[in-house]
Amino acid sequence: MDNAAEGANVSSVDSAASAVETRGIEPVPDNERHGRVRELFPTWVAANISVLLLTMGAALVVFNKLNFWQVMIVAACAALVSFGLVGVVSVSGKWGGAPGAMLSRATFGVRGNLFPGAILWVARFGWETINAVTGAYAVLTVLDLVFGVKSNNVLIVITLFVFVACTFLVSGMGRKVLNICNTWSTYLFGVFSVLVLGYLIVHIKWDDVFSKPAGTTAMMIAGIGTIAAGGISWVPTGPDFARYLPHAASGKKIAGVTVSGAGMVMVPMVLMGAVMAVATPGLADAPDPVSFLGDLLPTWLAVPYLITAIVGMLLINSLSMYSAGFTAQTMGVKLPRALAVSINAAISLIGGLLLMLVAKSFLSSFITFLILLAVSFSAWIGVYVVDMARRKKRAVRYDAEALMDTGRTSKYWYVGGFCWQAMTAWAVALLAGIAFTKCDWFAGPLSGTFVGKYGLGWAATIVISAAIMAVLPTPREVAAEAAEAAEPRPEREKVAA
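Predicted model, so just to flag it, every value in this text is computed and none were measured.

Engineer: Mind showing me how you'd approach the overall build of the chain here?
Structural biologist: For the chain, the count of helices and strands is 21 helices and zero strands. Evaluated residue by residue, the chain yields a buried proportion of 57% over its 497 residues. Considering only residue pairs separated by 6 or more positions, the chain has 86% of its internal contacts joining residues 24 or more positions apart. Per element, the accessible surface of the chain, about 20000 Å² overall, is 69% carbon and sulfur.

See the structure below:
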């Protein structure tokens, strides 16, 4: 064995054994695939521990005019649709043992992957900024409730900086530390959520809650899109958390655990927000998404609940930054993953300051961002899922060596580094999705159609990108790989679906 290979093996062992993950975008070898499907459950619970879901639940009542039962249906459908997609795409992580941004090279081509990757990376900045701002507002609320310290510009800068710094530190530690933090956060947040729910059951006027008239079907459909947008943003990063799973891991279990973990938090949080909105209608358009809890809940309950929520939002951003580091490396940033994360941390800090000190309305900015986020991610999803469906039929699904090869010798070079079929489907669907979109910042030329009025631009984007990708000719490289895999080879192991 030469020195380079020996050094690589030592590095792999260190990465597998150390608490601080050093592995970057390179595929995880089979001998390090010791993950278990059940480890995904706390990951997707933690990914949804955000008081923003309370605000969004309140918005369904105040703005969409939905009643309690309609909100329940909307929340359940949103969790099933969005995290169902996350679960399905996560299966490719155990196929290839690599992050979603890396596996996407096999779909779009070595160079082609840079275009959707850039948009996903920029969208990730916005999501991390929103969560950082929410976390900072939660810290400010706790300081006010416990110490009577009122918010000011200097304190805003300090709290936001501390929150982003903590996020950066946790995300830099890697998968093992995140799994431990997610598990304990799930327990703590679950306990205090039950206490909050119990308090609401006793003190909320339930006659007012259940006497609200039903809203329209159109507003329900639009509400599903709004709530689902947050989950859709996790779809490209699903493989990042499944890449340590062995090939034999059940794809159905991966999807089931993902949906159940997310749904266990999403549905009750959105419902609690809807119930709270009956008592405090101003919740839906509050200047910040957190301070209302100090008015609605007693201090002894509001403070510990907010502290656990702060931890939850810190973990959400840590999970996002963890994946963003892979995206940065795939985009060509020549830094270790932990240092690549620093780019997102810096942008989150700058964007957060603008949102907290300059923006006039947090909620309108947030809803607009969610709408654009869903469309930008949906174009990638449709293309990627069709490509996954084609690979499901083959025994060799991803070539680890080709994924790491960015030159003309790569199997995923296609034509000039681009898979023109994938790029065409992605670009057309993205433009169509924007055309169907209407938000505070602009209205697309097709926003007045049925799709636009019902807020289904994101769904149309997925369907369009998937349909175009499916009808275009299968890339000859993919067809050749499929033909090779079809040849009888007794020594080839049977890979679980």
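Having seen it, we continue.
Engineer: What am I meant to see in the side chain of T308 here?
Structural biologist: On the secondary structure map, T308 appears in helix α14 (residues 299-330). With relative accessibility at 8%, the residue T308 sits in the buried group. Discounting chain neighbours no more than four positions away, the residues touching T308 are I49, L188, F189 and F192.

Engineer: Help me out: how do you make sense of the pattern of salt bridges in this one?
Structural biologist: Where side chains of opposite charge bring their charged atoms close, a pairing between them can arise. Across all of its chains, the model carries three salt bridges by this definition. Salt-bridge contacts for K150 lead to D144; the nearest nitrogen and oxygen are separated by 3.0 Å.

Engineer: Is there a simple way to explain the side chain of D240 in this structure?
Structural biologist: Residue placement: D240 occurs in helix α11 (residues 238-242). The buried charged residue D240 lacks any salt bridge, with R243 as its nearest oppositely charged partner at 6.2 Å. From its side chain, D240 meets the backbone nitrogen of G100 in a polar contact 2.7 Å long. What D240 contacts, discounting residues up to four positions off in sequence, is P99, G100, Y322, S323 and F326.

Engineer: Quick question: what am I supposed to make of the packing of helix α3 (residues 52-62) against helix α12 (residues 251-279) here?
Structural biologist: Close contact between α3 and α12 brings their axes to 7 Å; oriented N to C, the two are set at 55°. With respect to their mutual orientation, α3 and α12 come out oblique. As for the relative orientation of α3 and α12, their crossing is right-handed in sense. Here L53, L54, G57, A58, L60, V61 and V62 of α3 lie close against α12, whose contacting residues are M266, M269, V270, M272, G273, A274, M276 and A277. Across the contact of α3 with α12, the residue classes tally to 13 nonpolar, two polar and no charged.

Engineer: Could you clarify how one ought to interpret helix α18 (residues 420-436) in this entry?
Structural biologist: Since the α-helix packs 3.6 residues into each turn, any two residues three or four apart lie on the same face. For α18, which comprises 17 residues, the first-to-last C-alpha distance of 24 Å matches the rise-based estimate of 24 Å (1.5 Å per residue) to within 8%. Taken residue by residue, α18 has Q421, A422, M423, A425, W426, A429, L430, A432, G433, A435 and F436 as its buried positions.

Engineer: What am I meant to see in unusual backbone geometry here?
Structural biologist: Glycine aside, negative phi is the norm for most residues, and most peptide bonds take the trans geometry. Phi at K65 takes a positive value of approximately 60°, unusual for a residue other than glycine. Tracing the backbone shows K65 in the loop between α3 and α4 (68-96). Judged by its relative accessible area of 54%, K65 is exposed.

Engineer: Is there a simple way to think about the confidence of the model for the chain in this case?
Structural biologist: Keep in mind that low pLDDT regions are not for reading the predicted coordinates in detail. Here the chain averages 84 in pLDDT, while 86% of its residues score no lower than 70. Averaged pLDDT values over the elements of the chain bottom out at 38 in helix α1 (residues 3-17) and peak at 97 in helix α20 (residues 457-471). The low-confidence segment residues 1-18 (pLDDT under 50) makes 14 contacts with residues lying over four places distant or belonging to another chain. Contacts from residues 489-496, a stretch scored under 50 in pLDDT, to residues over four places away or in other chains number 15 contacts.

Engineer: Please explain the nonpolar core as it appears in this structure.
Structural biologist: General note: in soluble globular proteins, nonpolar side chains tend to be found buried as a group. The biggest cluster of nonpolar side chains holds 139 residues, and the ones touching the most others in it are L54, W234, L293, Y305 and Y398. In this structure, Y305 is in contact with L54, F189, F192, S193, V196, M269, M272 and L293, ignoring residues within four places of it in sequence.

Engineer: How should I be thinking about the packing of aromatic side chains in this particular structure?
Structural biologist: The geometry of an aromatic ring pair is captured by two quantities: the separation of the ring centres and the angle between the planes. Across all of its chains, the model carries 13 aromatic pairs by this definition. An angle of 45° between the planes, with centres 6.0 Å apart, marks the rings of F115 and F418 as tilted. With a gap of 303 residues between them, F115 in helix α6 (residues 114-147) and F418 in the loop between α17 (400-404) and α18 connect regions that are remote in the sequence. On the basis of relative accessibility, which here comes to 45%, the residue F115 falls in the partly exposed class. In this structure F418 comes out as partly exposed when scored by relative accessible area, which is 28%. Aromatic rings pair up to connect W44, F83, W234 and F241 into one cluster.

Engineer: Teacher, can you tell me more about the environment of M272 here?
Structural biologist: Within the fold, M272 resides in helix α12. The spacing of M272 and L200 is 72 residues in sequence and 8.2 Å in space, taken between C-alpha atoms. Excluding residues that lie within four positions of it along the chain, M272 makes contacts with L54, S193, V196, L197, L200 and Y305.

Engineer: In this structure, what is going on with the environment of F210? I would like to understand it.
Structural biologist: Inspection of the secondary structure puts F210 in helix α9 (residues 206-210). Separated by 141 residues in sequence, F210 and W69 place their C-alpha atoms 8.5 Å apart. What F210 contacts, discounting residues up to four positions off in sequence, is F68 and W69.

Engineer: Hey, could you run me through α4 in this one?
Structural biologist: Helix length check: α4 (29 residues) gives 43 Å between terminal C-alpha atoms against 42 Å at 1.5 Å per residue, within 8%. Taken across its 29 residues, α4 has 21 buried, putting it largely inside the fold. If you check the start of α4, you find a side-chain oxygen 3.3 Å away from the backbone N of W69, and it comes from N67. At the C-terminal side of α4, G97 shows a positive phi close to 65°.

Engineer: Where do I start with a nonpolar patch on the surface in this structure?
Structural biologist: A surface patch of nonpolar side chains, amounting to about 450 Å² of accessible area, comprises V157, I350, L354, L357 and V358. For I350, the position within the fold is in helix α15 (residues 337-357).

Engineer: Just checking my understanding: could you explain the packing of α4 against α12 for this structure?
Structural biologist: A pair of packed helices is characterised by two quantities: the angle between their axes and the separation of those axes. Closest axis-to-axis distance for the α4/α12 pair is 7 Å, and the angle between their directions is 150°. Here α4 lies roughly antiparallel to α12, going by the angle between them. α12 is crossed by α4, and the crossing has right-handed handedness. When the residues that make up the contact of α4 with α12 are grouped by side-chain class, the tally is 22 nonpolar, six polar and one charged.

Rules used in this analysis
Residues numbered from 1 in each chain as written. Predicted model: local features only at pLDDT ≥ 70, side-chain atom pairs only at ≥ 80, totals over all residues. Heavy atoms only, no water. Helix = DSSP H or I, 4+ residues; strand = E, 2+ residues; numbered from the N terminus. Buried < 20%, exposed > 50% of the residue type's maximum accessible area, 1.4 Å probe, protein only. Contact = heavy atoms within 4.5 Å. Areas by Shrake-Rupley, 256 points an atom, 1.4 Å probe, with all protein chains shown as cover. Salt bridge = Lys/Arg side-chain N within 4 Å of Asp/Glu carboxyl O. Lys, Arg positive; Asp, Glu negative; His and termini not counted. Polar contact = N/O pair within 3.5 Å; in protein donor to acceptor, adjacent residues only side chain to side chain. Axes fitted to C-alpha atoms, helices over the stretch in contact; angles between N-to-C directions. Parallel < 35°, antiparallel > 145°, perpendicular 65-115°, else oblique. Left-handed = near helix turned anticlockwise from the far one by under 90°. Nonpolar A, V, L, I, M, F, W, Y, C, P; charged D, E, K, R; others polar. Expected span 1.5 Å × (residues − 1). pLDDT = per-residue confidence, 0-100. Core = buried A, V, L, I, M, F, W, Y, C linked by side-chain atoms within 4.5 Å. Phe/Tyr/Trp six-rings, centres within 6.5 Å; stacked < 30°, edge-to-face > 60°. Patch = residues over 30% accessible without salt bridge, like charges linked within 9 Å, V, L, I, M, F, W, Y side chains within 5 Å.

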